[in-house]
Amino acid sequence: MSRHPRRRFFQLPWRSAERIRAEIDEELEFELDMRTAELVRSGLPGAEARARARREFGDIEQTRRYCAESDIAAQRSEGRSEWVAELGQDVRLAWRGMRRTPGFALVVLTTLALGIGANTAVFSVLRRVVIKPLAYANPEQLVRIYGATTRNPHAGNLLTPAQVEDLRESPVFAQIAPFGYYSSYTYVSDKRAEMWQSVTVSPEFFPTLGVRALLGRTIDARDVTDAPAPAVVLSYTLWQRSFGGDSSTVGRDVLLDGHARTVIGIMPRSFVFPESDRDPEVFTPLDARAAFRDPVAARQRRSFRALARVAIGVGPTELHAALEMLSQREQASHPELGEGSIIVAVPLHDDMVGGVRPILLVVMGAALLVLLIACVNVAGLFLSRAIARRRELAVRAALGAGRGRLVRQLLTESAMAGIAGGAIGVALAFAAKHLLVVGATILLPTMGDVSIDVGVLTFAFVLSAFCVIAFGIVPALVGTHFRLQGSLGESTRTTGSRSSSNLGRALVVAQVALALVLLISAGLLGRTQLSLERTGIGFDTRSDVLTFNVAPSSPRYADEARRLELFDELKEGIGELPPVRSVAMVTVAPWNGYTTGGADSLFANGLAAGSSDFDVASQVTVSDDYFATLGIPIRSGREFTSLDRDNAPPVAVVSESVARRFWPGRNPIGQRIRLGRRNAPQMEIVGVAADVRDRPGGELKPTVSRPARRQRHRLPDPRSPRHPRRPRRSAPRGVMQPPLLPLSPSSPRERG
Amino acid sequence: MARPSLDLMQGTVDVLILRTLAWQPMHGYGISRFVRERSKGALDIESAALYQALHRLERRKLVRSSWGISETNRRARFYELTAAGRKQLAAEREQLRSYMHALQLVLDPI
């Protein structure tokens, strides 16, 4: 009903422009006729009277136009204001209706809010991670470059320094930026020690990414000149954490591993390190030329990571062709490298988020499915409500409300529910932002900065609008489809007509079907997760393994012997704690960059002529009891004992994939391999261990394990695994003596 | 310089129409005849101006129209004053009265 019921009686029904013009013509004709008649009465002949009436009238055509325009405009604004008035009325009605049935409102709003909230939340992560471009200059030109083999082109291995030099000469690249080693420093100040994750980067690194320092400067050529200036660049988080964001930090000397280094710059907060599972806090200069002091090693030792900016106008096919040519040329001129070594380029965005994209898309799909179910659910609720309210609607129809008007009223109700549900959903998404950031951090440590911005809000709004249409339109149409008499005559115990109960059934069917799809998908996901957990990781996930990092890098442990001694002491000390069953050390623990760190060329000895004797394998240095402690099954041979250390002949335990690769169907025990270079010392294989994946479902990579040995230069390397956002200061008391030894217990990785 | 006088004219036509309709609902021809008779032929509203004014007033919701039967048994469009029109008439009447008073003061100083 209109707010001004009186007006309805006087209001003319809506008229077409044609009708308006006809009425004006009739009105003016009446005037002329009356005037003519008057003149005739005064004695003028008919024709003359008519002409005179016309003359007296003035400009008839202009009047006609003027009146028509005025009437059409009046009708238009009338329609608008009436529409607004009716909308206000519908909103008030809907509000009263909702308040009268709080249970209904609660169910509808909760359902919609959860559906829209979940979608908004997932979308904000999806947008941040997958859709938004990387925060570098012209990120589409950036590629990550990997070494690989033809057998395993997705291996993602390191490059040799010589390969990096070859790449520099290729015209398809505008810039090549090698970066290198992940490591850690012990920073000491005021009797407090911190462990800083570090990475070495070439002077080309930051310019290639196109990022500048927030304060000071980034690493440039000056820092790797003949006498390497001891310069460091700090990340924003480190600067905030350890220096409280003090701008005088730039130019200050800091004591790292007992050596003074000068802070030359601070990176901006927005800077994201281009290797997504790492989050280094300190950047130190990488002198690529130093690697060429040994030309043979420069050709064979894989030690560099690299990213590159592709020259303008170079497409993927040209890039691929250029890299293939480069690989072939290297093969031809250096056959000793081993057959099948190739260089591959991956768009940086794919490289950083490629692994997460399918997961996020699956989650997004699931969220949309949930929303669809929510919509069907709410549609069912609205339908039953519309049927229950048939009498009310019939009364309104009897009082003159058209069907369009009733549909509009019902749609207003659902639109209000949609808007309110959307608003609550966005609020929920905001509230869950913290959870999302944590979730995103698990997926991508350096991508944790998820924000809910205009794009996300737009998405939420569009989604809400979609919901309104999805759940509102059908009940509104069906609910207002009735015969007046029948409905008015119905008792209060109204029953639905056949068409509406058919629709109700259809909604139930749709709901069950959607729920079934969701359930099956969830079941499949769960099963995949379970099977990933049960198999294929390569170590025993049922035992409670705790990992932590030790970085004995202060001057006190500069001496290798002293370091090994420390590890022995640690192992013994921790082993004596009552709940500890066994203790072991490893350079890079599984699930902490196990297979991405330290991959190097692997050469097998004494293979039949003609068969390829080269591959790339991850290498780790481990202590006694390593395999037993992690529960990595030894398939044949044995694991290391204390007898393998020091001056014993060099031995290695290889993973099953290494054994399969070089000695398929044969026992590799007693075979010999070399790591890094063809002229490296030989190692005898004493055991074959199960393959360990770096993460569930991760790439399976050949691995060579070696015992910690005193006479070698490469010691249990303090190069430490990543530690996403975890305080690094607390040292468990009573475990070990050295006061300047930062211990950082990592997550109690129970069940793995 | 034609505009001010036109505005005055228009305003005068409007107020004449409103005053006439305050008497009773009328069609356009009735209005012009009424004004002519009342002013003893001194005021004659041009029909073009009258009808434009009527439709303008209707758009401003000062009058509303409906179709009815004229005294000659013909379909005719009748106009009647709305509440807003009545208010407007009172205001304009007051304004016009003080305007005429001011004119009188200047033209016929006592």
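The coordinates are above.
Residues numbered from 1 in each chain as written. Chains lettered and ligands numbered in written order. Predicted model: local features only at pLDDT ≥ 70, side-chain atom pairs only at ≥ 80, totals over all residues.

Asks: Tell me what's going on with the overall build of chain A, and back it up with residues and numbers.
Replies: Scanning chain A from N- to C-terminus turns up 21 helices and 20 strands. Within chain A, the fraction of its 752 residues that count as buried is 39%. Put simply, 78% of the contacts in chain A that link residues at least 6 apart link residues at least 24 apart. (Helix = DSSP H or I, 4+ residues; strand = E, 2+ residues; numbered from the N terminus. Buried ≥ 20, exposed ≤ 12 C-beta atoms within 10 Å, placed from the backbone. Contact = placed C-beta atoms within 7 Å.)

Asks: Mind laying out the overall build of chain B, listing which residues take part and the relevant values?
Replies: When its secondary structure is counted, chain B shows four helices and three strands. Going from N to C terminus, chain B has its helices and strands arranged as α-β-α-α-β-β-α. Here chain B holds 110 residues, and 33% of them are scored as buried. Taking all contacts inside chain B whose residues are at least 6 apart in sequence as the whole, residues at least 24 apart take part in 48%.

Asks: Break down the environment of Val456(A) for me, with residues and values.
Replies: Residue and element names in this part refer to chain A. You can see Val456 is positioned in helix α16 (residues 454–479). On the basis of neighbour count, Val456 is assigned to the buried category, with 22 C-beta atoms found within 10 Å. Between the C-alpha atoms of Val456 and Ser124, which are 332 residues apart in sequence, the distance is 5.8 Å. When sequence neighbours within four positions are dropped, the list of residues in contact with Val456 reads Thr120, Phe123, Ser124 and Arg127.

Asks: Tell me what's going on with the interface of chain B and chain A, and back it up with residues and numbers.
Replies: By a frequent convention, interface size equals the accessible area lost on bringing the separate parts together. Contacts between chain B and chain A engage 17 residues on the former and 19 residues on the latter. Elements that contribute at least two residues to the side of chain B that touches chain A include exactly α2 (28–38), α3 (47–59), β2 (63–69) and β3 (75–81) of chain B. When residues in the side of chain B that touches chain A are grouped by element, the largest group, nine residues, is from α3(B). Residue classes in the side of chain B that touches chain A are distributed as five nonpolar, five polar and seven charged. (Nonpolar A, V, L, I, M, F, W, Y, C, P; charged D, E, K, R; others polar.)

Asks: So, helix α10 (residues 316–333) of chain A: which residues are in play, and what are the values?
Replies: Residue and element names in this part refer to chain A. Here α10 contains 18 residues, and its C-alpha end-to-end distance of 26 Å stays within 8% of the 26 Å for a straight helix at 1.5 Å per residue. Leu319, Ala322, Leu323 and Ser327 are the residues of α10 that are buried. Buried positions in α10, seen along its axis, are confined to an arc of 135° and lie on one side of it. Set apart from the buried face of α10 by more than 90 degrees, the exposed residues are Thr317, Ala321, Met325, Gln328, Arg329 and Ala332. Here the buried face of α10 lies against β10 (305–310) and β11 (341–347). (Expected span 1.5 Å × (residues − 1). Arc of directions from axis to C-beta.)

Asks: Let's hear about the nonpolar core: which residues, and what values?
Replies: All names here are of chain A. Residues Leu112, Ile145, Ala306, Ala308 and Cys375 are the most contacted members of the largest nonpolar core, which totals 115 residues. Sort the elements by how many residues they give to this core and helix α12 (residues 357–388) lands first, with 14 residues. Sequence-distant contacts of Cys375, defined by excluding residues within four places in its chain, comprise Cys467, Ala470 and Phe471. Counting residues in each nonpolar core, the second largest holds 35 residues, with Val545, Phe627, Val654 and Val686 among its members. (Core = buried A, V, L, I, M, F, W, Y, C linked by C-beta atoms within 7 Å.)

Asks: Run through the sheet that holds β3(B), naming residues and quoting values.
Replies: The strand order β1-β3-β2 (chain B) describes an open sheet built from three strands, whose pairing is antiparallel. Of all the strands in the sheet, the pair left with one neighbour each is β1 (26–27) and β2 of chain B. (Pairing = 2+ DSSP bridges.)

Asks: Mind laying out the packing of helix α4 (residues 60–100) of chain A against helix α14 (residues 403–431) of chain A, listing which residues take part and the relevant values?
Replies: Residues and elements named next belong to chain A. Remark: α4 packs on α14, axes separated minimally by 9 Å, with the N-to-C direction vectors making an angle of 60°. Between α4 and α14, the angle falls in the class oblique. Crossing handedness for the pair α4 and α14: right-handed. Here Leu87, Asp90, Val91, Leu93, Ala94 and Gly97 of α4 lie close against α14, whose contacting residues are Arg408, Gln409, Thr412, Glu413 and Met416. Residues of the contact of α4 with α14, tallied by class, amount to five nonpolar, three polar and three charged. (Axes fitted to C-alpha atoms, helices over the stretch in contact; angles between N-to-C directions. Parallel < 35°, antiparallel > 145°, perpendicular 65-115°, else oblique. Left-handed = near helix turned anticlockwise from the far one by under 90°.)

Asks: If you had to explain the pairing of strand β1 (residues 142–149) of chain A to someone new, which residues and values would you point to?
Replies: All names here are of chain A. For β1, the buried fraction is high: six of the eight residues fall into the buried class. Pairing of β1 with β10, which is carried by four bridges, proceeds in the antiparallel orientation. Paired with Val143 across the strands is Ala308, a residue of β10. Bridging between β1 and β11 involves seven bridges; their strand directions are antiparallel. Residue pairing in the sheet places Tyr146 in a bridge with Val344 of β11. Alignment of β1 against strand β2 (residues 152–157), held across two bridges, turns out to be antiparallel. What sits directly across from Thr149, in β2, is Asn152. Remark: two residues form the turn of the hairpin made by β1 and β2, two consecutive strands paired antiparallel.

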